[in-house]
Amino acid sequence: MKFYFTTLLLFLGAPSLWAGIIKGKVYDDKGEPLPYATIYIQGTTNGVNANGNGDYLLSVDPGLHKVVCQFIGFGQATFNVTITGAETVVHNFTLKGESLQMSEVVVRASAEDPAYGIIRSAIKRRKFHLDQVRSFQSSIYFKGVMRSRQLPDKFMGQKIKSADLGVDSAGKGVLYLTEEEADYYSDGDKEKTVIHSVRESGNKGGLGFSRFPSVITFYDNIVSVFGRTSRGFISPVSDNALNYYKYKLLGAFMEDGHLVYKIQVIQRRLYEPCFNGIIYIVDNQWAIHSLDVTLVKESGMSTVDTLRVEQVFLPLQTDNWVIKSQVLYFAVKFMMFDVTATGVAVYNKQRVNEPIPDSIFASNVTSLYDKTANKKDTTHWQDRPVPLELDEQRDFVIKDSLTIVLNSPEYIDSVRRRENRIKPLSLMFLETSYNSKKYKNTYTLNSLFLGTNNDNIINYNIVEGYNVAPKISVRHQIDTGRNLFTDVVGRYGFSNERFNAMGRVYYTTRDNEWLNRSWMYGAEGGKYVFQYNPENPVLPLFNTYRSLFFRENDLKIYERWEAAAFLRRNYGNGFSWFVRASWQQRIPLQNTTDYSILPGDNSGVGDNTPPTLQTVATVWEPHQAALLSVWLSYRPGVTYTQYPDYKVANGSRWPLFTFHYQKGIPGIVDSKTDFDKWRFAIRDEVRMGLLGALRYNLVAGGFLNNNYVSFPDLIHLHGMRGFGYTAPYLESFQFAPYYLFSNKEPLYGEAHIEYHLNGLLSNKIPLLRQARFYLLFGGNAFYASQNHYYTEAFVGIDNIGWKLFRILRIDFVQSWDSNMGRNSGVRFGLNFRGFNTARKSPTESEW
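Given the structure is predicted, the values throughout are model-derived calculations rather than measurements.

What to know about the overall build of the protein
Then comes step 1: For the protein, the helix and strand inventory stands at 11 helices and 45 strands.
Then comes step 2: Across its three principal directions, the C-alpha atoms of the protein cover 95 × 80 × 55 Å.
Then comes step 3: Residue burial in the protein is summarised as follows: out of 847 residues, 49% are buried.
Then comes step 4: Roughly 39,800 Å² of accessible area belongs to the protein as shown, and the carbon and sulfur atoms make up 58% of that amount.
Then comes step 5: Looking at charge distribution, the protein has the averaged site of its 92 positive side-chain charges lying 1 Å from that of its 82 negative ones.

Considerations on unusual backbone geometry
Then comes step 1: A positive phi angle is found at Lys349, which is not glycine, with a value near 55 degrees.
Then comes step 2: Note that Lys349 resides in strand β22 (residues 337–352).
Then comes step 3: In this structure Lys349 comes out as exposed when scored by relative accessible area, which is 60%.
Then comes step 4: Even without glycine at this site, Asp670 takes up a positive phi of about 65 degrees.

Some points on helix α9 (residues 540–550)
Then comes step 1: Turning to α9, its buried residues number three or more, namely Asn543, Thr544, Arg546, Ser547 and Leu548.
Then comes step 2: Each element contacted by the buried residues of α9 is listed here: β26 (458–461) and β27 (465–468).
Then comes step 3: Residue Arg551 follows α9 closely and has a positive phi angle near 55 degrees.

Looking at the pairing of strand β12 (residues 173–186)
Then comes step 1: Both strand β9 (residues 136–150) and β12 contribute to a ladder of 13 bridges, which runs antiparallel. Residue pairing in the sheet places Ser138 in a bridge with Tyr184 of β12.
Then comes step 2: Sheet topology places β12 next to strand β13 (residues 191–200); nine bridges connect them, and they run antiparallel. Paired with Thr178 across the two strands is Glu200, which belongs to β13.

Some remarks on the pattern of salt bridges
Then comes step 1: All chains considered together, the criterion is met by 41 salt bridges.
Then comes step 2: Residue Lys399 pairs with Asp395 through a salt bridge whose shortest N-O separation is 3.3 Å. Taken together, the residues span about one helical turn, with Lys399 and Asp395 both in helix α6 (residues 390–406) at a distance of four residues.
Then comes step 3: Here Arg809 and Asp811 are joined by a salt bridge, their closest N and O atoms 2.7 Å apart.
Then comes step 4: Looking at Arg809, the relative accessible area reads 1%, which means it is buried.
Then comes step 5: A network of salt bridges, in which partner residues are shared, links Asp487, Arg504, Glu524, Arg560, Glu562 and Arg580.

Quick notes on the sheet that holds strand β3 (residues 47–49)
To summarise the sheet geometry, strands pair through backbone hydrogen bonds and adopt either a parallel or an antiparallel arrangement.
Then comes step 1: Sheet architecture is open: four strands sit in the order β3-β2-β5-β6, paired in antiparallel fashion. Every other strand in the sheet has two partners, leaving β3 and β6 (77–83) as the edge strands with one partner each. Neighbouring strand axes in the sheet, compared pairwise and without regard to direction, differ in orientation by 20 degrees on average.
Then comes step 2: Where strand β2 (residues 38–41) and strand β5 (residues 63–70) come together, four bridges link them in antiparallel fashion. Bridging across to β5, Thr38 finds its partner in Gln70.

Describing the side chain of Ser186
Then comes step 1: As for its placement among the helices and strands, Ser186 is situated in strand β12.
Then comes step 2: For Ser186, the residues in contact, after removing those within four places along its chain, are Arg134, Ser135, Phe136, Glu191, Ile356 and Phe361.

Considering the environment of Pro355
Then comes step 1: Within the fold, Pro355 resides in the loop between β22 and β23 (365–369).
Then comes step 2: With a relative accessible area of 74%, Pro355 lands in the exposed category.
Then comes step 3: As a C-alpha pair, Pro355 and Asp187 span 168 residues in sequence and 9.2 Å in three-dimensional space.

Let's talk about helix α7 (residues 409–419)
Then comes step 1: Turning to α7, its buried residues are Asp413, Val415 and Arg416. Relative to the axis of α7, the buried residues are bounded by an arc of 155 degrees and lie together on one face.
Then comes step 2: Its buried side turned inward, α7 meets β24 (432–435).

So, the environment of Gly702
Then comes step 1: If you trace the backbone, Gly702 turns up in strand β39 (residues 693–708).
Then comes step 2: It is 50 Å that separates the C-alpha atoms of Gly702 and Lys438, two residues lying 264 residues apart in sequence.

Side note on the pairing of strand β35 (residues 639–642)
Then comes step 1: Bridging between β23 and β35 involves three bridges; their strand directions are parallel. Following the sheet pairing, Leu368 is matched in β35 by Gln642.
Then comes step 2: Of the pairings in the sheet, the one linking β35 to strand β36 (residues 647–651) comprises four bridges and is antiparallel in character. Paired with Thr641 across the strands is Val648, a residue of β36.

Observations regarding the packing of aromatic side chains
Then comes step 1: According to the stated counting rule, one finds 47 aromatic pairs in the structure shown.
Then comes step 2: On the numbers, 6.2 Å between centres and 50 degrees between planes, the contact of Tyr466 with Tyr595 is tilted. Of this pair, Tyr466 sits in strand β27 while Tyr595 sits in the loop between β33 (575–587) and α10 (611–616); the two residues are 129 residues apart in sequence, bridging distant segments of the chain.
Then comes step 3: A ring pair is formed by Tyr545 and Phe550, whose centres lie 5.5 Å apart and whose planes are at 70 degrees; its orientation type is edge-to-face.
Then comes step 4: Its relative accessible area of 45% is what places Tyr545 among the partly exposed residues.
Then comes step 5: Pairwise contacts between aromatic rings join Tyr528, Phe530, Tyr532, Tyr558, Trp620, Phe711 and Tyr739 into one cluster.

Let's talk about the nonpolar core
Then comes step 1: Counting 59 residues, the largest nonpolar core has Phe218, Tyr247, Ile263 and Phe275 as its most contacted members.
Then comes step 2: Sort the elements by how many residues they give to this core and helix α3 (residues 115–124) lands first, with six residues.
Then comes step 3: Setting aside residues no more than four positions away along its own chain, Phe218 makes contact with Val223, Ser235, Pro236, Val237, Phe275, Ile288, Leu291, Val293, Val309 and Gln311.
Then comes step 4: Counting residues in hydrophobic clusters, the runner-up holds 42 residues, among them Val489, Met720, Ala736 and Tyr739.

Details of the environment of Glu754
Then comes step 1: If you trace the backbone, Glu754 turns up in strand β41 (residues 748–756).
Then comes step 2: A sequence separation of 57 residues divides Glu754 from Asn697, and the C-alpha atoms of the two residues are 9.2 Å apart.
Then comes step 3: Those residues in contact with Glu754 that sit more than four places away from it in its chain are Ala693, Leu694, Arg695, Tyr729, Leu730, Phe777, Gly778, Phe794 and Arg809.
Then comes step 4: Here the side chain of Glu754 touches His756 through a polar contact of 2.8 Å, side chain to side chain.

Topic: the confidence of the model for the protein
Then comes step 1: Confidence along the protein averages 88 in pLDDT terms, with 91% of residues attaining 70 or more.
Then comes step 2: Predicted confidence for residues 1–17 stays below pLDDT 50, and this span has three contacts to residues more than four positions away or in other chains.
Then comes step 3: Throughout residues 834–839 the model reports pLDDT below 50, and contacts reaching past four residues in sequence, or to other chains, amount to 14 contacts.

A few points about the side chain of Arg491
Then comes step 1: Inspection of the secondary structure assignment puts Arg491 in strand β29 (residues 482–493).
Then comes step 2: A relative accessible area of 10% means that Arg491 is categorised as buried.
Then comes step 3: Within the local environment of Arg491, its side chain forms a polar contact with the side chain of Glu464, the two groups lying 2.8 Å apart.
Then comes step 4: The residues touching Arg491, leaving out its near neighbours within four places in the chain, are Asn461, Glu464, Asn467, Val468, Ala469, Arg498, Phe499, Asn500, Tyr528 and Val529.

What counts and how
Residues numbered from 1 in each chain as written. Predicted model: local features only at pLDDT ≥ 70, side-chain atom pairs only at ≥ 80, totals over all residues. Heavy atoms only, no water. Helix = DSSP H or I, 4+ residues; strand = E, 2+ residues; numbered from the N terminus. Buried < 20%, exposed > 50% of the residue type's maximum accessible area, 1.4 Å probe, protein only. Areas by Shrake-Rupley, 256 points an atom, 1.4 Å probe, with all protein chains shown as cover. Lys, Arg positive; Asp, Glu negative; His and termini not counted. Charge placed at Lys NZ, Arg CZ, Asp CG, Glu CD. Contact = heavy atoms within 4.5 Å. Pairing = 2+ DSSP bridges. Salt bridge = Lys/Arg side-chain N within 4 Å of Asp/Glu carboxyl O. Axes fitted to C-alpha atoms, helices over the stretch in contact; angles between N-to-C directions. Arc of directions from axis to C-beta. Phe/Tyr/Trp six-rings, centres within 6.5 Å; stacked < 30°, edge-to-face > 60°. Core = buried A, V, L, I, M, F, W, Y, C linked by side-chain atoms within 4.5 Å. Polar contact = N/O pair within 3.5 Å; in protein donor to acceptor, adjacent residues only side chain to side chain. pLDDT = per-residue confidence, 0-100.

Below, the structure is given as structure tokens:
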């Protein structure tokens, strides 16, 4: 009896069991399906969207309902239906093109188009509509799908297997598919997404997107399409929109008692950050009713070829329209790749300016997954707000089956064996790796000529002559989150006939419930060759080239025995520290050869001991050094994503603060070093929308005590010589000599500032705007005293390249310094726009 009673209660308490279903297709008056049409219950904002083929499915409670169907550019259609229980009603909608009326508007040939008056009214009400939403809550269904229209047979020498990607032999098909359900909360300053369910095709435990594409707010003056990292685009109803757009009234129509104007928006000038398309404005309220606008390369797009935005709004209250659906279309062609993507978001249960529980924003978690979010079975998705298309249905079935094969031990091992094959190009220019079974151990050998970490095997310098330096690294996976690393490197100089070798062993462990939280500790020892500047500003490959062909040797090195131990802790909250204690025996080296492939004098060779260092350092002699170094790093304001099983830090909008202190301790095992050195830095990137971005790195430091300071312990500027420039821009000086400004000053300052216009001004210059090259300005400065400073200013062009590969940069540089030196010239370099190029991690030894 208890069982039947419980079952009855569950049955009566589950409205979904009594809900009816209305389904069908949406067509235009020519019988063509209308993709992503909006279908909702009149008097509410709850509804669904059709899929790309016009199919829809709407779940409704019992009762009498008026169902409304609308699509941008077409008149509404309605359907009255009575639902009595768990029944299915099939109804197809046919929408007719809007019956646009122009009878009330007379346009004379010499008169201004009436659209301008409507837009001026919308601009006046822009801030009202922006500010009226102080808080917003909504449930969201999101579906994202990426499709291929063409794929190459090979890419970068690797064969592309269409079957593994789930596409056909012609390279057409679904590459990626996900769908998610979530609740979204915003109070203006804070946002939070609570993801209740997620499903990825071909990935049983897939997590989809932790943050959906945000509602693109056209009431903002600058519309952020790609998030905070985007320069932004000018809204058609921004305060200055009339300077950037032309408008044309196409007509007006009545809808639910509202007069709605259809206006075409056209960018005035090519390569301005503007949209083109249609925007609908509600009369008297001057609110956005819906829009269909597009961005193309002539709008300032650099990587994506086309982005189309469709939005539909519904009246929630008087003079308050809320987002009902948003569809984003992307298209990009790159080499032989032709890819499109669609992201459709359906909003239901919208609430504006209603209280949000304090618990929602109680932590810095901006995205929260339910524990079972990625563990829902297929029955959960039967009433999805956007039905799957046929190829999407097939993709779920095929890739779920394909995943079983791809995750099988036999297939994984076959991939491992294929990856282990020795490739001549990798051996020469990359690095070669070998993986044991189940990837338990990974063995890596550096390349012969072009190392990814500037550690190629074959080099040349005038101290060692030709030298070989093979380095073998081994990673042993103990278990998930725990690894043991071993590095061994040997080096032999054929001219000075000296052999050196060092080894390092370190252990890392990661918190499996907080992935950014980790420990690392280890030790290293042996004898090796090092640059005087521990930042290794001189690249061995470039020095080899300049020495052999131009008789210019910039690499200044010494030899040292070393025993060291280190410990690092990352708390995963933006704060980390690193401690390293070492004992060293330092040995000066001298030039042993002046060999060069091309004939010439040796004026550019120079001594291995720079004269400027001899006047600054205490002395340069064989000696012992005991050192203790501490690094602190902190970036406040870190937010997090809480996945079902672990947490990950997202980042922060605050600057990065770093502090480094190094102590030379005399008397320990005959140590002579005796100094206290410190360095404090603030680094950030300030994005200013259409005005571009300001990047800066401000440094202060000096010696509190400099009783005995040897060459490697001095403060060195990170300089660069030669035609090319590969140093991190915000850490270095483009024209500064390597050791001319090395010092042991009690106080000094550095400033590295770059202003990237990101299309501002360059979109007025024909050649630059068509190539989508960007202007930049900046300067680097070092100052210790009136008699000891170095300054340089530069103007440049970056974003040079094609499509996704835009990493080249050209600068014209002018420098001034305290030695009355003035230099000017052009510098070519690599600029990785991710802005993560920073000072070498203290966990990385100089070898």
